[in-house]
Amino acid sequence: MIEFIPIFNHVARVARPAHTKVAIADSMEDTFQGLGLDSLDGLVMLMYFDDLYGIDDAVSKEWTPVSVQELHDLVMASKTKEPTSMEEVIEVCK
């Protein structure tokens, strides 16, 4: 199993517009706001997490996580699959 923070950081970088800077999460307690992620970034990130973890988008539409830990807990409770490598994460997020 891949650690969640590297997946989160990759998805955050892909979800943000190219001209903006994203802080890197160091801890599960980091908040989206503290990392410079806004609600649109969060929505785009959820779409990637849906694909990576096989989550029905109708389920994730109801989510409003504010921290890496909250997102992790929601993903783990709803996943139907899991990425097996960072290469897979990178491929899904293209």
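A brief structural summary. These numbers were taken from a predicted model, which means no experiment stands behind them. For every chain, the first residue of the written sequence is number 1, and numbering continues from 1 along that sequence. Confidence filtering applies because this is a predicted model: local features only for residues at pLDDT of at least 70, side-chain atom pairs given and counted only at 80 or more, and all residues used for totals across whole chains, interfaces and linings. Side-chain measures here rest on the full set of heavy atoms in the structure, leaving out hydrogens and waters.

**Examining the environment of L74**
For the record, the criterion: Only DSSP runs of H or I covering at least 4 residues are called helices, and only runs of E covering at least 2 are called strands; the numbering of each starts at the N terminus. Note on classification: 1.4 Å probe, protein chains only; a residue is buried when its accessible area is under 20% of the maximum for its type, exposed when over 50%, partly exposed between these limits.
Along the chain, L74 falls in helix α4 (residues 68-78). On the basis of relative accessible area, L74 is assigned to the partly exposed category, the value being 27%. With 14 residues separating them along the chain, L74 and S60 place their C-alpha atoms 8.3 Å apart.

**Here's the deal with the packing of aromatic side chains**
Our working definition: Each Phe, Tyr or Trp ring, with Trp reduced to its six-membered ring, pairs with another whose centre is within 6.5 Å; inter-plane angles below 30 degrees give stacked pairs, above 60 give edge-to-face pairs, and intermediate values give tilted ones.
With the rule as written, the count across this model stands at 4 aromatic pairs. Between F8 and F32 the ring centres are 5.6 Å apart and the planes differ by 40°, which places this aromatic pair in the tilted class. Of this pair, F8 sits in helix α1 (residues 4-15) while F32 sits in the loop between α1 and α2 (39-53), placing them 24 residues apart in sequence. Each of the two residues, F8 as well as F32, counts as buried. Relative to Y53, the ring of F49 lies with its centre 6.1 Å away and its plane at 20°, an arrangement referred to as stacked. Taken together, the positions of F49 and Y53, both in helix α2 and 4 residues apart, correspond to about one turn of that helix.

**Considering the nonpolar core**
To keep things clear, this is the line we draw: Buried Ala, Val, Leu, Ile, Met, Phe, Trp, Tyr and Cys residues that are joined via side-chain atoms within 4.5 Å together make up what is termed a nonpolar core. Any two residues having at least one pair of non-hydrogen atoms within 4.5 Å are treated as being in contact.
F4, F8, F49 and L71 are the most contacted members of the largest nonpolar core, which has 27 residues in total. Elements represented by at least two residues in this core include exactly α1, α2 and α4. When residues of this core are assigned to their parent elements, the largest contribution, 7 residues, is made by α1. Each residue touching F4, except ones within four places of it in the same chain, is listed here: M28, F49, Y53, V68, L71, H72, V75 and M76.

**Looking at the packing of α1 against α4**
Put simply, the test is: Think of each axis as a best-fit line through the C-alpha atoms, taken over the contacting stretch in the case of a helix, with angles from 0 to 180 degrees between the N-to-C directions. Throughout, the term roughly parallel applies to angles under 35 degrees, roughly antiparallel to angles over 145, roughly perpendicular to angles from 65 to 115, and oblique to all others. Under the scheme applied here, ten amino acids are nonpolar (Ala, Val, Leu, Ile, Met, Phe, Trp, Tyr, Cys and Pro), four are charged (Asp, Glu, Lys and Arg), and all others, including Gly, are polar.
Between α1 and α4, the shortest axis-to-axis distance is 11 Å and the interhelical angle comes to 105°. In this view, α1 runs roughly perpendicular relative to α4, as classed from their interaxial angle. Note on element contacts: α4 touches α1 through V68, L71, H72, V75 and M76, opposite F4, I5 and F8. Its residues assigned to classes, the contact of α1 with α4 comprises 7 nonpolar, 1 polar and no charged.

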